[in-house]
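Commentary on secondary and tertiary structure
If you want the building blocks of each chain, they are given just below.
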Amino acid sequence: MPTETVYGLAGSIESRAAIAAIFSLKKRPPQNPLIVHVAEASEILRFSKTFPPFFKELADAFWPGPLTLVIPVEPASILPEIRAELFTQAFRIPAHPLARELLFRVGPLIAPSANLSGRPSAVSRAHVESDFGSDFPVLDGGECQKGVESTILIWSEEKWRLGRLGAIAAEAFISLLGYEPTFSQPQAKGPLCPGQLFRHYAPDANLHLVTSFEELSYPCIVGFSDRMYPAHSHFISLGSSLAVEEVLRRLYSALRELDEKNIEEAWIDYRVPKKGLWLTFLERLQKAREKR
Ligand code: TXA
Ligand code: MG
């Protein structure tokens, strides 16, 4: 199904067969839990009796939208393979009209990003078909408007903490929470978000993240339309360096284009501000560079 962030591989939360199929299709490690997508926040009441401070305020301010909230749940209310045996569950209300319509009709759906585990996420029907085959059933909702996954906030040790950077910048929560959520947690208890442990977003191509270009000839440069670059055989544009949202929208398509064109080495312009949504761009590229 389409969402405003990336396409999701959707399945019923009641169906063990669907859950198993999703993990096996994606080749996803079973220790990596899934997000439950709902049409309305009231649907979450069946999974949890008490809600952390500011849960309602966050939901009211950001849903429908690219925010995922992880909260403690009643373990018996949700199949353990969805939450990877944790006693918490991730929820979000996607903003794409087709996703909402589907959720209103069929009820809550689990939906990890619709890509093979480790690959760049899919932001169009063509991307989904490239990972799962041209016969794969896709509800075509066009190109995803955000192009990167939801930001994840996790309630842990009396604070909202970042589980994943995403389509909402961490600063955006300051006015509501009174602090900026960070990845840190007080005690060394391992990562808050299992997904952080696994390889992600990576094309087959080798990526060089560069902060200065030499006067060489490069096989492939991934850069910005408003900058000058040395000689190159291929150029893949991320759009203007002044428009971070557009850059994020194009990012996974650019990474996938490298493999479509059988490009083995790419030099990516890494000269961007270390703040706001650019932090999501930087983090995705760092992960994408990691090798199997
Ligand atoms: O934008 C999105 O969130 C997309 C669209 C389809 O909604 N979905 C998505 O799902 O990105 P997925 O499965 O690719 O990523 C879910 C992330 C993983 O990193 C997982 O570890 C984390 O959410 N997560 C899920 N449940 C969690 C939990 N109980 N505690 C901590 N992290 C959790
Ligand atoms: Mg994913």
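None of these values were measured; they are calculated from a predicted model. (Residues numbered from 1 in each chain as written. Chains lettered and ligands numbered in written order. Predicted model: local features only at pLDDT ≥ 70, side-chain atom pairs only at ≥ 80, totals over all residues. Heavy atoms only, no water.)

In this section: the overall build of the protein. When its secondary structure is counted, the protein shows 7 helices and 11 strands. The C-alpha atoms of the protein give 19 Å as radius of gyration, which agrees with the globular expectation for 292 residues (19 Å, within 12%). Referenced to the eigenvectors of the C-alpha coordinate spread, the extents of the protein come out at roughly 60 × 45 × 35 Å. Counting every position in the protein, which comprises 292 residues, the buried fraction comes to 54%. By sequence separation, contacts in the protein at least 24 residues apart represent 66% of the contacts at least 6 residues apart. Entry remark: accessible area of the protein is about 13100 Å², with carbon and sulfur atoms responsible for 54%. When the 32 positive and 34 negative side-chain charges of the protein are each reduced to one mean point, those points stand 3 Å apart. (Helix = DSSP H or I, 4+ residues; strand = E, 2+ residues; numbered from the N terminus. Rg over C-alpha atoms; globule rule 2.2 N^0.38 Å. Buried < 20%, exposed > 50% of the residue type's maximum accessible area, 1.4 Å probe, protein only. Contact = heavy atoms within 4.5 Å. Areas by Shrake-Rupley, 256 points an atom, 1.4 Å probe, with all protein chains shown as cover. Lys, Arg positive; Asp, Glu negative; His and termini not counted. Charge placed at Lys NZ, Arg CZ, Asp CG, Glu CD.)

A few words now on the sheet that holds strand E8 (residues 206-210). Taken in spatial order, the 4 strands make up an open sheet running E8-E11-E9-E10, and their pairing is parallel. Of all the strands in the sheet, just E8 and strand E10 (232-237) have a single pairing partner and so form its edges. The sheet shows a mean angle of 25° between the axes of neighbouring strands, taken without regard to direction. As paired strands, E8 and strand E11 (residues 265-269) are joined by 5 bridges and run parallel to one another. (Pairing = 2+ DSSP bridges. Axes fitted to C-alpha atoms, helices over the stretch in contact; angles between N-to-C directions.)

Right, let's get into the site of ligand 1. Near ligand 1 there are 28 residues, and of these Thr5, Asn32, His37, Ser150 and Gly195 occur at the shortest range. Ser150 places a polar side-chain atom, nitrogen or oxygen, 2.5 Å from an oxygen atom of ligand 1. About the coverage of ligand 1: the protein hides 98% of its 680 Å² of free accessible area. Secondary-structure elements contributing two or more residues to the shell around ligand 1 are strand E2 (35-37), strand E4 (88-92) and strand E6 (151-156). Of all the elements, E4 adds the most residues to the shell around ligand 1, at 4 residues. Here the shell around ligand 1 is composed, by residue class, of 15 nonpolar, 9 polar and 4 charged. (Near = heavy atom within 4 Å. Polar contact = N/O pair within 3.5 Å; in protein donor to acceptor, adjacent residues only side chain to side chain. Nonpolar A, V, L, I, M, F, W, Y, C, P; charged D, E, K, R; others polar.)

Next up on the list: the environment of Tyr201. As for its position among the elements, Tyr201 is in the loop between helix H5 (174-177) and E8. Using a relative accessible area of 4% as the deciding quantity, one classes Tyr201 as buried. Residues Tyr201 and Ile154, spaced 47 residues apart in sequence, show a C-alpha to C-alpha distance of 22 Å. Residues contacting Tyr201, with those up to four places away along its chain left out, are Gly118, Arg119, Pro120, Ser121, Glu149, Arg164, Tyr252, Leu255, Glu283, Arg284, Lys287 and Ala288.

With that settled, the discussion passes to the sheet that holds strand E1 (residues 11-12). Strand order in the open sheet formed by 7 strands is E1-E5-E2-E4-E3-E6-E7, and the pairing between neighbours is mixed. The open sheet has two edge strands, E1 and strand E7 (159-164), and neither has a second partner. The strands touched by helix H2 (residues 55-62) are strand E3 (67-72), E6 and E7; relative to E3, the strand with the most contacts, the crossing angle is about 160°.

Moving on: helix H7 (residues 278-289). Look at H7: 17 Å from first C-alpha to last across 12 residues, which is about the 16 Å you get at 1.5 Å a residue. Burial runs high along H7: 9 of the 12 residues are buried. Among the residues making up H7, those that are buried are Trp278, Thr280, Phe281, Leu282, Glu283, Arg284, Leu285, Lys287 and Ala288. For H7, the elements touching its buried residues are E7, E8, helix H6 (244-260) and E11. (Expected span 1.5 Å × (residues − 1).)

Now for the side chain of Arg284. Looking at the element boundaries, Arg284 is found in helix H7. Only 2.7 Å separates the side chain of Arg284 from the side chain of Glu283, close enough to count as a polar contact. Setting aside residues no more than four positions away along its own chain, Arg284 makes contact with Val148, Glu149, Arg164, Leu165, Gly166, Tyr201, Leu251 and Tyr252.

Now for unusual backbone geometry. With an omega dihedral of -10°, the bond running from Trp63 to Pro64 counts as a cis peptide bond. You can see Pro64 is positioned in the loop between H2 and E3. For Glu158, which is not glycine, the phi dihedral falls at a positive 65°. Examined against the element boundaries, Glu158 turns out to sit in the loop between E6 and E7.

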